[in-house]
Amino acid sequence: MDLAYTPEEEEFRARLREWLAKVLPTLPPKPSAQDWPGRRAYDLGWQRMLYDAGYAHVHWDASPTTRLIFLEETELAGAPYVGAGFVGLLHAGPTIAAEGTPAQRERWLPPILRGEEVWCQGFSEPDAGSDLASLRTRARRDGDDYVVTGSKIWTSHAEVADWCELLVRTDPAAPKHRGISWLAMPMSAAGVEVRPLRTLAGSAEFAEVFLDEVRVPVANRVGEENDGWRVTMVTLSFERGTAFVGEVVACRRVLGELARAARENGRWGDPVLRRRLGRLNAEFRALWRLTQWNVSEAEASGGVPGVGGSVFKLRYSHARQELYEAAGDVLGVESLDLERPWVIDRLSSLSYTIAAGTSQIQRNIVAERILGLPKGR
């Protein structure tokens with residue numbers, strides 16, 4: 001498999017790099033981590049700049065390789081992350097692009113790309129744990145609407161979202177994987193209640209969402225009724241396959257900063273720490289190659305990442321935790337100071353073996369779908 005870039009792709013990289021160097025110094029200061037309305041406005045403003053410059057299309061209308069170059073270069077340049085646009089740009093949008101009807105793509109994709117609407121993800125439920133298919137939120141058909149009742153937890157960006165990619169049970173009598181549907185729910189609908197959740201790191205980008213007889217048009221269903229599990233696998237393939245690309249680049253940058261900091265504060269003299277940083281350097285270089293391989297596979301299969309994304313997600317989650325544990329070793333007692341670089345990142349890294357499917361789930365996927373091992377009973 002050829003992992004080299006074509007001349008056209010390198011030309012795109014050079015043009016993007018030049019544009020970033022010109023516009024990034026003009027950006028206003030970023031709002032605080034707790035100011036989500038301000039962060040929504042900031043993130044959507046950046047997305048609008050990308051749209052006006054002709055770069056917003058890379059999430060859906062460009063090749064996976066072009067998307068990879070875009071994510072790599074924006075991270076290297078220190079450009080704003082997608083932030084509040086995370087679910088729309090990296091999860092819901094790609095799913096609608098792959099599975100939606102022409103009318104659905106026309107309704108929802110342009111506002112996401114123009115930085116006009118924010119999406120949240122309504123998948124996890126309090127009683128389902130890692131078994132996403134055990135969800136209980138019920139959608140009863142009533143004419144041209146579904147009437148939805150239930151609750152969701154860990155709903156990303158719910159308090160500032162306009163839409164929610166929502167998994168519901170439309171056939172309680174069917175086997176649990178076959179009675180699920182994927183809906184686009186307006187967050188402004190009557191009966192939607194949002195309660196923010198505060199994380200260990202002090203942020204509140206998640207929420208509980210309670211749904212009491214919420215009416216969602218049947219026209220907002222993506223895919224066929226009761227085919228939502230298959231559609232969800234498309235969503236999760238994007239979440240596990242390409243959504244973390246920029247973060248791999250960020251981790252490689254942090255690793256270099258850690259090595260410099262260790263030289264400055266005397267910790268570089270510890271051979272155990274040096275070996276640890278060296279191993280992490282090899283780990284992230286391998287993860288970057290795996291990312292390129294997954295992107296090449298997606299290119300060959302119509303743009304949707306395959307199960308190789310689970311291999312990446314599994315190893316990346318643990319490598320990120322190990323990176324920030326190493327940051328704690330470099331900082332020493334200063335790793336308890338929340339004002340120091342990397343300390344908040346160290347706390348947030350603890351969630352990565354849970355987010356986007358737990359490591360246990362990823363191991364099951366790798367065992368069953370890649371290695372062909374039998375399913376557990």
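Located above this text is the structure these notes cover.
Summary of the structure given here. What you see is a predicted model; the values in this text were computed from it and never measured.

1. Here's the deal with the packing of helix 4 (residues 86–99) against helix 5 (residues 102–113)
Then comes step 1: Running from N to C, helix 4 and helix 5 point in directions that differ by 160°, and their axes come no closer than 10 Å. The angle between helix 4 and helix 5 falls in the class roughly antiparallel. Note that helix 4 runs across helix 5; the crossing there is left-handed. For the pair helix 4 and helix 5, the contacting residues are Gly88, Leu89, Gly93, Ile96 and Ala97 in the first and Gln104, Arg105, Trp108, Leu109, Ile112 and Leu113 in the second.

2. Here we look at the pairing of strand 4 (residues 163–169)
Then comes step 1: In terms of residue burial, strand 4 counts as a mostly covered element, since 7 of its 7 residues are buried.
Then comes step 2: The alternating pattern of strand 4 places Trp163, Glu165, Leu167 and Arg169 and Cys164, Leu166 and Val168 on opposite faces, both of which are buried.
Then comes step 3: Where strand 1 (residues 119–122) meets strand 4, 4 bridges bridge the pair, whose relative direction is parallel. The partner of glycine 122 across the bridge, within strand 4, is leucine 166.
Then comes step 4: Inspection of the sheet shows strand 4 paired to strand 5 (residues 180–186) by 7 bridges, in the antiparallel sense. Bridge pairing links glutamate 165 to alanine 184 in strand 5.

3. Quick look at the nonpolar core
Then comes step 1: Ranked by size, the top nonpolar core spans 27 residues in total, and within it Ile96, Trp119, Leu167 and Trp182 carry the most contacts.
Then comes step 2: Among the secondary structure elements, those contributing two or more residues to this core are helix 4, helix 5, strand 4, strand 5 and helix 6 (228–241).
Then comes step 3: Broken down by element, this core gets its largest block of residues, 6 residues, from helix 4.
Then comes step 4: Residues in contact with leucine 167, not counting those within four places in the same chain, are Gly122, Phe123, Leu132, Leu135, Thr137, Lys152, Ile180, Ser181, Trp182 and Thr232.
Then comes step 5: Counting 25 residues, the second-largest nonpolar core is a separate cluster that includes Trp36, Tyr146, Ala207 and Leu211.

4. Remarks on the packing of aromatic side chains
Then comes step 1: Under the defined criterion, the tally for this structure stands at 7 aromatic pairs.
Then comes step 2: Centroid distance tyrosine 81 to phenylalanine 86: 6.2 Å. Interplanar angle 45°. Geometry classified as tilted.
Then comes step 3: Take phenylalanine 86: its relative accessible area is 15%, and that puts it in the buried class.
Then comes step 4: Relative to tryptophan 119, the ring of tryptophan 108 lies with its centre 5.9 Å away and its plane at 85°, an arrangement referred to as edge-to-face. Here the residue tryptophan 108 occupies a position in helix 5, and tryptophan 119 occupies one in strand 1, the gap between them amounting to 11 residues.
Then comes step 5: Feature note: the residues Phe12, Trp19, Trp46 and Tyr55 constitute an aromatic cluster, connected by ring pairs.
Then comes step 6: Sitting over the face of the ring of tryptophan 36, arginine 39 holds its NZ or CZ atom 4.1 Å from the ring centroid.

5. What to know about empty space enclosed by the protein
Then comes step 1: Under the counting rule described, the total for this entry stands at 2 cavities of 30 Å³ or more.
Then comes step 2: Roughly 220 Å³ of volume is contained in the largest cavity.
Then comes step 3: Along the walls of the largest cavity sit 21 residues, with Trp46, Phe70, Pro80, Tyr81 and Val82 positioned nearest its centre.
Then comes step 4: Here the residues of the lining of the largest cavity are counted per class, giving 12 nonpolar, 6 polar and 3 charged.

6. Considerations on the side chain of glutamate 165
Then comes step 1: Residue position: glutamate 165 is located in strand 4.
Then comes step 2: Discounting chain neighbours no more than four positions away, the residues touching glutamate 165 are Val87, His91, Ala92, Trp119, Cys120, Gln121, Gly122, Phe123, Trp182, Leu183 and Thr235.

7. A look at the environment of serine 335
Then comes step 1: Summarising the element assignment, serine 335 is placed in the loop between helix 9 (308–331) and helix 10 (343–349).
Then comes step 2: For the pair serine 335 and tyrosine 324, spaced 11 residues apart in sequence, the C-alpha to C-alpha distance is 9.9 Å.

About the thresholds
Residues numbered from 1 in each chain as written. Predicted model: local features only at pLDDT ≥ 70, side-chain atom pairs only at ≥ 80, totals over all residues. Heavy atoms only, no water. Axes fitted to C-alpha atoms, helices over the stretch in contact; angles between N-to-C directions. Helix = DSSP H or I, 4+ residues; strand = E, 2+ residues; numbered from the N terminus. Parallel < 35°, antiparallel > 145°, perpendicular 65-115°, else oblique. Left-handed = near helix turned anticlockwise from the far one by under 90°. Contact = heavy atoms within 4.5 Å. Buried < 20%, exposed > 50% of the residue type's maximum accessible area, 1.4 Å probe, protein only. Pairing = 2+ DSSP bridges. Core = buried A, V, L, I, M, F, W, Y, C linked by side-chain atoms within 4.5 Å. Phe/Tyr/Trp six-rings, centres within 6.5 Å; stacked < 30°, edge-to-face > 60°. Lys NZ or Arg CZ within 6 Å of the ring centre and 35° of its normal. 1 Å grid on protein atoms, 1.4 Å probe; cavity = no way out; pocket = protein on both sides within 12 Å on 5 of 7 lines; lining within 4 Å. Points joined across faces, edges and corners; volume = space filled by probe spheres on them. Nonpolar A, V, L, I, M, F, W, Y, C, P; charged D, E, K, R; others polar.

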